[in-house]
Amino acid sequence: MIKTTINHILTSDNLLKEHKVNGWVRAFRSNRFIALNDGTTLNNLQCVVDFENTPEEILNQINVGAAISVEGVLKESEGTGQRVELIVSKVQILGEADPEEVRKTILSPKRHTLEKLREQAHLRVRTNTFGAVMRLRSKLSYAVHKYFQENDFNYVHTPIITGSDAEGAGETFKVTNFDLANVPKQKDGSVNFKEDFFGKETNLTVSGQLEAETFALGLSKVYTFGPTFRAENSNTSRHLAEFWMIEPEVAFCELDGNMDLAEDFIKYVLSYIVKECPDDLEFLENRLLQEEKTKPEAERSPMPLREKIDFVINNNFKRVSYTEAIDILKNSKPNKKKKFQYLIEEWGADLQSEHERFLVEKHFKCPVILFDYPANIKAFYMRLNDDGKTVRAMDILFPGIGEIVGGSQREERHDVLLSKMQALGIDEEELWWYLDTRKFGTCKHSGFGLGFERLVLFATGMTNIRDVIPYPRTPQNASF
Ligand code: 4AD
Ligand code: MG
């Protein structure tokens, strides 16, 4: 008897041998054919039941959603639609599923909206769409580690609880052990954090960058891949309050090297899933084509999913300075016809997602790396250019997504960094250790952050970021 899983049995050469598989019933028709799925692949195993020799009581429990174990001989299938099928000699019910109850859930075999799936997020992994997305997410995670490990990067686990706000944007979630109805105060009425768990104010990290920098300045090449948290009240299809970020940081590396790394990395992980996940990608491509049929032509993606991924793998990302981008936007049709919600009037304007998407989707029609942004719209740690007004920042913009990567060359000069922090009112006492690294063997270094869910969005062709993470956290929602 070969104990196996459905991904293996479907490609197995062990015909005419006894197999045992477990899974969940997707369909049972004519009291004879079970479509069994165990999540190891998109595809179901057809199990042929000899109903005349199977107890009625068992047959009655082979319902959609039930967990069962089947044993039988694997044969070449006579029917169309599958290569092999299992001729069942024994069925065991492992966990029942009452058809009346199943009918009320997304397990019932009909089309459910993605919104409905989200409401039953604990069951949605049993659907084809979400199962495919989650397998792809897992393979992409593996590819992330594979890429960095094969290129001499060390994986560092930066803290989740910190005392700092790496982006200086004031969007942190507080971490406290106080009884909120009874918070200790100081004489002047302010909160006495000395009495809190850590003896100071703390929050969940918005980025592991600052700690990763300290490690790059000792291990040369490092990366993080962990959860980050932002209390930004952005209720969009591309923002989460809890998301996973990949942050490589490299010593002795300037902005050009940083761009090369980001481009090479993205191409690698996408190539990996093209090779490893053909079935899931094909399924998601067809799903998207179906979904887009309901949309007006102008809103449909110009390429099917796999072609779009191949396009990114096979073409150079276009590198454009912020200043050039502003010129393009200023003279663009939507700007002149006042179609942008935020009109671009002058150099210095912060780019909104409508502008980023115009550049990528309408103007260049390929991924774009924008660099050398105005200093005052970017974070404090970015390296100041000789012009005194721009910083060595880069953002990578993707079709359908907008910003997927944000990074920069870091300010390695102690005096420049300190005066920048002072000018922006960033607490130098809190970040003394960060400043310290610029005193002992400082060197040019660079890094970036890639929002993992945005990558998964792109790779799966899904349109809402809530559908590419197991349990999304967004404003007013932390269910499950
Ligand atoms: O551009 P951001 O804010 O950059 C940083 O955090 C830097 N410290 C990274 C670094 O240089 N090490 O965020 C980086 C990326 C964005 O480009 C985006 O892909 C993603 O993180 N991101 C989000 N993804 C989902 N939901 C959110 N609320 C996100 N905010 C940023
Ligand atoms: Mg950014």
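Every value quoted in this text rests on a predicted model; they were computed, and no experiment measured them.

Chemist: Just checking my understanding: could you explain the environment of S353 for this structure?
Modeler: By the element assignment, S353 lies in helix α12 (residues 353–364). In sequence terms S353 and I328 are 25 residues apart; their C-alpha atoms lie 15 Å from each other.

Chemist: Would you mind going over the site of ligand 1 with me for this structure?
Modeler: Taken together, 24 residues sit near ligand 1, with E167, Q209, E232, E247 and E403 positioned nearest. Contact distances for ligand 1 include 3.4 Å between a nitrogen atom and a side-chain N or O atom of Y381. Interatomic distance of 2.9 Å between a side-chain N/O atom of R410 and an oxygen atom of ligand 1. Relative to its unbound accessible area of 630 Å², ligand 1 is 94% covered by the protein chains. With respect to the pocket detection grid, ligand 1 is positioned in the largest pocket.

Chemist: Explanation requested: the packing of aromatic side chains in the structure shown.
Modeler: Aromatic rings considered in pairs are described by the distance between their centres and by the relative angle of their planes. Summed over all chains, the structure comprises 22 aromatic pairs. Ring plane angle 55° and centroid distance 6.0 Å describe the contact between Y142 and Y272, whose orientation is recorded as tilted. Taken as a pair, Y142 in helix α5 (residues 128–150) and Y272 in helix α7 (residues 255–276) lie far apart in primary sequence, 130 residues in all. Relative accessible area serves as the criterion here: at 48%, Y142 is assigned to the partly exposed category. Site record: aromatic cluster; members linked through ring pairs are Y147, F148, F153, Y155, Y223, F265, Y268 and F448. Sitting over the ring of Y373, K378 keeps its end group 4.2 Å from the ring centre. The ring of Y434 carries the charged tip of R438 above its face, separated from the ring centre by 4.3 Å.

Chemist: Looking at this structure, I do not really get the side chain of R137. What am I missing?
Modeler: Inspection of the secondary structure assignment puts R137 in helix α5. Looking at R137, the relative accessible area reads 10%, which means it is buried. Here the side chain of R137 touches V468 through a polar contact of 2.9 Å, landing on its backbone oxygen. In this structure, R137 is in contact with W244, F452, E453, V456, V468, I469 and P470, ignoring residues within four places of it in sequence.

Chemist: Quick question: what am I supposed to make of helix α10 (residues 322–330) here?
Modeler: Because the α-helix completes a turn every 3.6 residues, residues three or four places apart line up on one side. All of the buried residues along α10 are Y322, A325, I326, I328 and L329. The buried side chains of α10 occupy one side of the element, clustering within an arc of 160° when seen end-on. Looking at the buried positions of α10, the neighbouring elements they touch are β13 (318–321), α11 (333–336), α12 and β14 (368–374).

Chemist: Hey, could you run me through the layout of surface pockets in this one?
Modeler: It is a probe the size of a water molecule, rolled over the atoms, that shows where empty space is left. Approximately 1,100 Å³ is the volume attributed to the largest pocket. In this structure, the largest pocket is lined by 44 residues; those nearest its centre are E167, R230, K378, D395 and E403. When residues of the lining of the largest pocket are traced back to their parent elements, those giving at least two are β12 (242–251), α12, β16 (402–409), β17 (445–451) and α15 (452–460). A per-class count over the lining of the largest pocket returns 16 nonpolar, 13 polar and 15 charged. For the second largest pocket, the calculated volume is near 870 Å³. Along the walls of the second largest pocket sit 29 residues, with S301, P302, R357, E361 and G400 positioned nearest its centre. Of all the secondary-structure elements, those providing two or more residues to the lining of the second largest pocket are α8 (278–293), α9 (305–314), α12 and α15. For the lining of the second largest pocket, a count of residues per class yields 14 nonpolar, 5 polar and 10 charged.

Chemist: Help me understand unusual backbone geometry, please; the structure alone is not making it clear to me.
Modeler: What is expected of a backbone is that most residues other than glycine have negative phi and most peptide bonds are trans. Residue N31 is not a glycine yet carries a positive backbone phi of 55°. Within the secondary structure layout, N31 lies in the loop between β2 (18–29) and β3 (33–37). With a phi angle near 70°, F480 is a residue other than glycine that sits in the positive phi range. Note that F480 resides in the segment after α15. Assessed through its relative accessible area of 47%, F480 is described here as partly exposed.

Analysis parameters
Residues numbered from 1 in each chain as written. Chains lettered and ligands numbered in written order. Predicted model: local features only at pLDDT ≥ 70, side-chain atom pairs only at ≥ 80, totals over all residues. Heavy atoms only, no water. Helix = DSSP H or I, 4+ residues; strand = E, 2+ residues; numbered from the N terminus. Near = heavy atom within 4 Å. Polar contact = N/O pair within 3.5 Å; in protein donor to acceptor, adjacent residues only side chain to side chain. Areas by Shrake-Rupley, 256 points an atom, 1.4 Å probe, with all protein chains shown as cover. 1 Å grid on protein atoms, 1.4 Å probe; cavity = no way out; pocket = protein on both sides within 12 Å on 5 of 7 lines; lining within 4 Å. Sits in = over half its atoms within 2 Å of the grid points. Phe/Tyr/Trp six-rings, centres within 6.5 Å; stacked < 30°, edge-to-face > 60°. Buried < 20%, exposed > 50% of the residue type's maximum accessible area, 1.4 Å probe, protein only. Lys NZ or Arg CZ within 6 Å of the ring centre and 35° of its normal. Contact = heavy atoms within 4.5 Å. Arc of directions from axis to C-beta. Points joined across faces, edges and corners; volume = space filled by probe spheres on them. Nonpolar A, V, L, I, M, F, W, Y, C, P; charged D, E, K, R; others polar.

The values reported here are purely geometric and, on their own, carry no functional implication.
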